[in-house]
Amino acid sequence: APRLTDQLAMLEDALRQAQRQIAAAAQEAHAVSYASEWLLDNFYLIEEQISTAKRHLPKGYSRELPRLARGPSADCPRVYDIALETIAHGDGRVDTETLGRFVTAYQTVTALKLGELWAIPIMLRLALIENLRRVGVRIAAGWDERNLADSWADRMAETAEKDPKSLILVIADMARSNPPMVGAFVAELARRLQGRGPALALPLTWIEQRLSEAGLTIEQLVQSENQRQAADQVSISNSIGSLRVLGAIDWREFVESTSVVELTLVEDPAGVYGRMDFGTRDRYRHATEEIAKRGRLTEVEVARKAVDLARAAAAAVDPGSGMGTRAGHVGFYLIDKGLPELERAAEVHLAG
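Residues numbered from 1 in each chain as written. Predicted model: local features only at pLDDT ≥ 70, side-chain atom pairs only at ≥ 80, totals over all residues. Heavy atoms only, no water.

Trainee: I'd love a proper account of the overall build of the protein, names of residues and values included.
Mentor: Across its full length, the protein holds 16 helices and 0 strands. Here the C-alpha radius of gyration of the protein, 30 Å, is well above what a compact globule of 352 residues would show, namely 20 Å. The principal-axis extent of the C-alpha atoms belonging to the protein is close to 110 × 35 × 35 Å. Relative to its 352 residues, the protein shows a buried fraction of 45%. Here the analysis covers contacts within the protein between residues at least 6 apart in sequence; of these, 73% occur between residues at least 24 apart. Put simply, the protein shows about 18200 Å² of open surface, and 53% of that area lies on carbon and sulfur atoms. (Helix = DSSP H or I, 4+ residues; strand = E, 2+ residues; numbered from the N terminus. Rg over C-alpha atoms; globule rule 2.2 N^0.38 Å. Buried < 20%, exposed > 50% of the residue type's maximum accessible area, 1.4 Å probe, protein only. Contact = heavy atoms within 4.5 Å. Areas by Shrake-Rupley, 256 points an atom, 1.4 Å probe, with all protein chains shown as cover.)

Trainee: Can you explain the layout of surface pockets? Please cite residues and give values.
Mentor: Here the second largest pocket defines a volume of roughly 340 Å³. Forming the boundary of the second largest pocket are 18 residues, of which Glu64, Lys113, Gly115, Glu289 and Glu299 lie nearest the centre. Sorting the residues of the lining of the second largest pocket by element identifies helix H6 (114-162), helix H13 (278-294) and helix H14 (299-316) as the ones contributing at least two each. In terms of residue class, the lining of the second largest pocket is made up of 10 nonpolar, 2 polar and 6 charged. (1 Å grid on protein atoms, 1.4 Å probe; cavity = no way out; pocket = protein on both sides within 12 Å on 5 of 7 lines; lining within 4 Å. Points joined across faces, edges and corners; volume = space filled by probe spheres on them. Nonpolar A, V, L, I, M, F, W, Y, C, P; charged D, E, K, R; others polar.)

Trainee: Lay out the pattern of salt bridges with the relevant residues and their values.
Mentor: Applying the stated rule across the entire model yields 28 salt bridges. In this structure, a network of salt bridges that share partners links the residues Arg138, Arg146, Glu225, Arg228 and Asp232. (Salt bridge = Lys/Arg side-chain N within 4 Å of Asp/Glu carboxyl O.)

Trainee: I'd like to hear about helix H1 (residues 4-28), residue by residue, with values.
Mentor: Given 3.6 residues per helical turn, the α-helix brings residues three or four places apart onto the same face. With 25 residues, H1 ought to run about 36 Å at 1.5 Å a step, and its terminal C-alpha atoms sit 36 Å apart, in line with that. Inspection of H1 places Leu4, Gln7, Leu8, Leu11, Glu12, Leu15, Ala18, Ile22, Ala25 and Ala26 among the buried residues, and these make up the whole buried set. Taken together, the buried residues of H1 touch helix H2 (34-41), helix H3 (43-55), helix H4 (78-89) and H6. (Expected span 1.5 Å × (residues − 1).)

Trainee: I'd like a rundown of empty space enclosed by the protein, residues and numbers included.
Mentor: The full count for this structure, using the stated rule, is 2 cavities of 30 Å³ or more. Contributing to the lining of the largest cavity are Ser33, Ala35, Arg138, Ile139, Gly142, Arg146, Arg228, Gln229 and Asp232. Contributions of two or more residues to the lining of the largest cavity are made by H6 and helix H10 (218-246). A total of 4 residues in the lining of the largest cavity trace back to one element, the largest contributor, which is H6.

Trainee: Summarise the packing of H6 against H13; cite the residues concerned and give the values.
Mentor: One way to put it is that H6 packs onto H13 with a least axis distance of 10 Å and a crossing angle of 125°. Classified by the angle between their axes, H6 and H13 sit oblique to one another. Taking contact as the criterion, the partners of Leu114, Gly115 and Trp118 in H6 are, on H13, Phe278, Asp282, Arg285 and Glu289. (Axes fitted to C-alpha atoms, helices over the stretch in contact; angles between N-to-C directions. Parallel < 35°, antiparallel > 145°, perpendicular 65-115°, else oblique.)

Trainee: Talk me through the nonpolar core; I want residue IDs and the actual numbers.
Mentor: The nonpolar side chains of soluble globular proteins are, as a tendency, buried together. By size, the foremost hydrophobic cluster in this structure holds 72 residues, and its most contacted members are Ile120, Met123, Leu124, Val330 and Leu334. Tallying contributions element by element places H6 first for this core, with 16 residues. (Core = buried A, V, L, I, M, F, W, Y, C linked by side-chain atoms within 4.5 Å.)

Trainee: Summarise the packing of helix H9 (residues 198-212) against H10; cite the residues concerned and give the values.
Mentor: Packing of H9 against H10 leaves a shortest axis separation of 9 Å and a crossing angle of 85°. Taken together, the axes of H9 and H10 are roughly perpendicular relative to one another. Between H9, through Leu204, Ile207, Glu208 and Leu211, and H10, the contact on the second element is made entirely by Ile218, Glu219 and Leu221. Tallied by class, residues from the contact of H9 with H10 come to 5 nonpolar, no polar and 2 charged.

Trainee: Quick rundown of the side chain of Thr258? Include the residues and the values.
Mentor: Inspection of the secondary structure puts Thr258 in helix H11 (residues 251-258). Residues within four places of Thr258 in sequence aside, it is in contact with Gly100, Val103, Gln107 and Leu117.

Trainee: Pulling in residues and values, what's your account of the side chain of Asp268?
Mentor: By the element assignment, Asp268 lies in the loop between helix H12 (260-265) and H13. For the buried Asp268, no salt bridge exists, and the shortest N-O distance to an oppositely charged side chain is 7.5 Å, to Arg275. A polar atom in the side chain of Asp268 sits 2.7 Å from the side chain of His329. Apart from the residues lying within four places of it in its own chain, the contact partners of Asp268 are Tyr273, Gly328, His329 and Val330. (Lys, Arg positive; Asp, Glu negative; His and termini not counted. Polar contact = N/O pair within 3.5 Å; in protein donor to acceptor, adjacent residues only side chain to side chain.)

Interpretation note: all reported values are geometric properties and have no functional meaning in isolation.
The following block contains the structure:
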């Protein structure tokens, strides 16, 4: 299975290469697209985020996370797939409200483990870097295609001026080279040659005919190229904005608000759990996680069982006896004397 650390290294290489290509193209070109400018101006931030991701991705980290068996993200942690979906859905924009809704909707089918919820910030960071790589590679490819169009346009313009009868040979050369009939190439060639006289209309006629075989026109490709550049600009500015926002989000609050284990433990019949501080609640949740790892029940089932045992104990206490109801609190089973009872219920086979 591809490890996330390996994937991060690949993303970093691809982004660096795209950045070098775009920077080189920007030096040659007179006009740089907004998306290219955004990427170049904020590249330091992207590199910082990659370093942060490396620090938060210890070796083997993703092995503990449940993976997807099928689909385009097969063998990836399912929480990474959720992050990719969230980023794609918001076109690179992340806010906790949408993310919370997304995670809650996902959990109506399958509850996420606590470890997965805590992994969401790092997975979002990875998904945003992946999104920037995808757009960056596309922008770099666009520059290559535009440069190619420029070099043909230069040759043709020069030939049309100095040796008009040989222009047909240059057009034949271009035709033989089988140039890419894609937006960036066609749009740039059209920009350079349109309205430059009948001789330079000839290569555009050839392109028009090539495109018509696929049911396309130069106008359509120019329009789709403009739309693509605008979409890239939005995607890049959103992704970079989201990378900045990630650090400011209160992830403790997010985990508590989306954790099904938390929602279950809050039903503590003693009513104590909900009044505890974050650190204590977190300790209880981790205890739930540990029991689930060693036993046969899921985290949510362990939490449910602790609540059930506490309920039964609270109900069994005679109100008139003056006896305490410590056993009526979920903590009694998660970290106190009731733990062996909960472990038996979870079918934890103790070693030794």
